[in-house]
Amino acid sequence: MKALEGIKILDFCWVLAGPQVTRCLADFGATVVRIESHTYPDIVRTMGPYKDDVMGFNRSAYFADMNCNKYDMSLDMKKPQAMEIIRQLVDWADVVIENFAPGAVERWGLGYNDLVKIKPDVIMMSLSTQGQTGPDSQGPGWGAVAEALSGLADLSGWPDRLPSVTQYVWGDAITPRFGLIALLSALDYRARTGKGQYIDVCQLESLAYLTAIPALEFSATGKKVTRCGSHSDRACPQGAYPCRGEDSWCAVTINSDKEWQALGKVIGADWANDSKFKTLAGRHQNEEELNRLISGWTEKLPVDELVESLQKQGIIAAVVSDPEMLNNDPQLRHRGFWKLEHPEIGEFDYDTWGFDLSLTPAEALMPAPCLGEHSYYVCSEILGMDPEKFAELAGDGVFD
């Protein structure tokens, strides 16, 4: 039996933050029914990369990775019959999750106050950029907006350059983790009390967690922490250093004087024993020179051999990998990246979680669904609808 087997999820999520929550639930055994429409499909279906660079709603690798193990139903929400199906699914579900802009589901008549009239113990979770309440709650935004508002962007990049928003927006990566914890807690609470609840998950507040130390330092000392590149007050040297070959790099962090002595033995050059580098304070004072000397040493060496020799001495070091790591990284293969056969894009790698459960592990059962692939299954197997009724509704465009 899976950890979340028997838990039923009605999924109105799109893009990244919400779908990551529902994918984790599905991977650990929950039954997830996601709602889309052919008129307004999940926008990630229109984002590459695409299999063989051929565009299509069912060919996005981005969408596929976020949505395996889920059922997908297409409904035209403007049709009264579609809303009746939704109400039946609300009655079926334990949890309803959405991550539209605040007010969107209320306009459909699917806000929490509407849902509890159908199912009093339902758990509902909303994920949004700035939460459902407050003076800025209605401000539109994606994860990158929350990243900027939280101050995280001001901490990212080089001191002589503009703030940097990460390529994979942190708001969409961190927020689902907070949402999962809250949701599992709500399921436990309902199991003990029989009561559901509404969960409001805010990307801005989730990202504020990542800026807690700079915020506390400013509060306590008045010092404003800002962009510092690879510099760290607690480590030196620290950075990515060029190695032999085209665009080949090694990341190294030295956290103590003892580790510096170990690095000096590997380097073997006289400058590595210079007294001005002996302490953390000295290395910080001469950081620019030190980085230049280390780069001159590393650029003559092949990265794999260098990393292996450093790690053998207990030094934190790693190859700066490129996307080909998916096929040749032994650690990823050991940890069990999944391969599933998708009807349109063929065999595809699905990443797994950074954690697992020993007795009830996550499992890959279904590839990401094609748009509306399971409309008939949901109606017949979950809602008990007879084929004639389904055909009638299909003829009226309800499943468009």
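Residues numbered from 1 in each chain as written. Predicted model: local features only at pLDDT ≥ 70, side-chain atom pairs only at ≥ 80, totals over all residues. Heavy atoms only, no water.

Engineer: I tried to follow the sheet that holds strand β4 (residues 95-98) on my own but got confused; where do I start?
Structural biologist: Within a sheet, each strand pairs with its neighbour through backbone hydrogen bonds, oriented either parallel or antiparallel. Taken in spatial order, the six strands of this open sheet run β3-β2-β1-β4-β5-β6, and their pairing is parallel. Every interior strand has two partners, whereas the edge strands, β3 (71-74) and β6 (198-202), have only one. Taking each pair of neighbouring strands and ignoring which way they run, the sheet shows an average axis angle of 20°. Sheet analysis places β4 next to strand β5 (residues 123-128), joined by four bridges and oriented parallel. (Pairing = 2+ DSSP bridges. Helix = DSSP H or I, 4+ residues; strand = E, 2+ residues; numbered from the N terminus. Axes fitted to C-alpha atoms, helices over the stretch in contact; angles between N-to-C directions.)

Engineer: How should the packing of aromatic side chains be read in this particular structure?
Structural biologist: Each aromatic ring pair is characterised by the separation of its centres together with the angle its planes make. Using the criterion set out here, one finds 13 aromatic pairs in the structure. Between Phe-178 and Tyr-209 the ring centres are 5.5 Å apart and the planes differ by 75°, which places this aromatic pair in the edge-to-face class. Placement of the pair is Phe-178 in helix α7 (residues 170-193) and Tyr-209 in the loop between α8 (203-208) and α9 (212-221), with a sequence separation of 31 residues. Of the residues examined, Phe-178 reaches a relative accessible area of 32% and is grouped as partly exposed. Judged by centre distance (5.0 Å) and plane angle (85°), the ring pair of Tyr-376 and Phe-390 falls under edge-to-face. You can see Tyr-376 sitting in helix α16 (residues 375-382) and its partner Phe-390 sitting in helix α17 (residues 387-395), a full 14 residues away along the chain. An aromatic cluster is built from Phe-12, Trp-14, Phe-100, Trp-108 and Trp-142, whose rings are joined through pairwise contacts. A cation over a ring is seen here: Arg-45 above Phe-63, with NZ or CZ 3.8 Å from the ring centre. (Phe/Tyr/Trp six-rings, centres within 6.5 Å; stacked < 30°, edge-to-face > 60°. Buried < 20%, exposed > 50% of the residue type's maximum accessible area, 1.4 Å probe, protein only. Lys NZ or Arg CZ within 6 Å of the ring centre and 35° of its normal.)

Engineer: Just checking my understanding: could you explain the environment of Leu-357 for this structure?
Structural biologist: Topologically, Leu-357 is positioned in the loop between β11 (346-350) and α16. A sequence separation of 28 residues divides Leu-357 from Asp-329, and the C-alpha atoms of the two residues are 23 Å apart. In this structure, Leu-357 is in contact with Ala-3 and Phe-28, ignoring residues within four places of it in sequence. (Contact = heavy atoms within 4.5 Å.)

Engineer: Whenever I open this one, the pattern of salt bridges confuses me. Can you help?
Structural biologist: Opposite charge on two side chains lets them pair, provided their charged atoms get close. Applying the stated criterion across every chain, the model contains 23 salt bridges. A salt bridge links Asp-27 to Arg-23; the shortest N-O distance between them is 2.8 Å. In this pair, Asp-27 and Arg-23 both sit in helix α1 (residues 17-27), four residues apart, roughly one turn of the helix. The burial state of Asp-27 is the same as that of Arg-23; both residues are buried. One salt bridge in this structure joins Lys-223 and Glu-217, with 3.8 Å as the shortest N-O distance. (Salt bridge = Lys/Arg side-chain N within 4 Å of Asp/Glu carboxyl O.)

Engineer: For this particular structure, what's the right way to read the packing of helix α10 (residues 257-267) against helix α12 (residues 287-298)?
Structural biologist: A pair of packed helices is characterised by two quantities: the angle between their axes and the separation of those axes. Closest axis-to-axis distance for the α10/α12 pair is 12 Å, and the angle between their directions is 40°. Overall, the two elements α10 and α12 adopt an arrangement that is oblique. Taken as a pair, α10 and α12 cross one another with a handedness that is left-handed. Contact with α10, carried on its side by Trp-260, Leu-263, Val-266 and Ile-267, involves Leu-290, Ile-294 and Trp-297 of α12 and no other residues of that element. (Parallel < 35°, antiparallel > 145°, perpendicular 65-115°, else oblique. Left-handed = near helix turned anticlockwise from the far one by under 90°.)

Engineer: Just to check I follow, could you spell out a negative patch on the surface for this structure?
Structural biologist: Taken together, the side chains of Glu-246, Asp-247, Asp-322 and Glu-324 present a region of like negative charge at the surface. You can call Glu-246 exposed: its relative accessible area is 80%. (Patch = residues over 30% accessible without salt bridge, like charges linked within 9 Å, V, L, I, M, F, W, Y side chains within 5 Å. Areas by Shrake-Rupley, 256 points an atom, 1.4 Å probe, with all protein chains shown as cover. Lys, Arg positive; Asp, Glu negative; His and termini not counted. Charge placed at Lys NZ, Arg CZ, Asp CG, Glu CD.)

Engineer: Whenever I open this one, a nonpolar patch on the surface confuses me. Can you help?
Structural biologist: A grouping of Trp-170, Phe-178, Tyr-209 and Leu-210 is seen on the molecular surface, where their side chains present a nonpolar patch of about 390 Å² in accessible area. The class of Tyr-209 is exposed, set by a relative accessible area of 55%.

Engineer: I tried to follow the packing of α1 against α7 on my own but got confused; where do I start?
Structural biologist: One can describe the packing of α1 onto α7 by two numbers: an axis separation of 8 Å at closest approach and a directional angle of 45°. Put simply, α1 runs oblique to α7. Between α1 and α7 lies a crossing whose hand is right-handed. Where α1 abuts α7, its residues Ala-17, Gln-20, Val-21, Cys-24 and Leu-25 lie against Asp-172, Ala-173, Pro-176, Arg-177, Leu-180 and Leu-183. For the contact of α1 with α7, the per-class residue count stands at eight nonpolar, one polar and two charged. (Nonpolar A, V, L, I, M, F, W, Y, C, P; charged D, E, K, R; others polar.)

Engineer: I keep staring at the pairing of β5 and nothing clicks. Help me out?
Structural biologist: Remember that side chains alternate between the two faces of the sheet whenever the strand is regular. Among the six residues that make up β5, six are buried, leaving the element largely enclosed by the rest of the structure. Neither face of β5 is left uncovered, since the one carrying Ile-123, Met-125 and Leu-127 and the one carrying Met-124, Ser-126 and Ser-128 both have all their residues buried. Across five bridges, β5 lies against β6 in parallel orientation. Paired with Ser-128 across the strands is Cys-202, a residue of β6.

Engineer: Explain the sheet that holds strand β9 (residues 316-319) to me, please; I cannot follow it from the model alone.
Structural biologist: Within the open sheet, the three strands sit side by side as β7-β8-β9. Their pairing is antiparallel. Each edge of the open sheet carries a strand with a single partner, namely β7 (238-242) and β9. With direction set aside, neighbouring strand axes in the sheet form an average angle of 20°. Relative to strand β8 (residues 249-253), β7 is paired through five bridges, and the arrangement is antiparallel. Bridged to Ala-240 within β8 is Ala-251.

Engineer: What's the story with the pairing of β11 in this structure? I'm lost.
Structural biologist: Of all five residues that make up β11, four are buried, and the element is covered over most of its length. A loop of three residues connects strand β10 (residues 338-342) with β11, the two strands running antiparallel in sequence.

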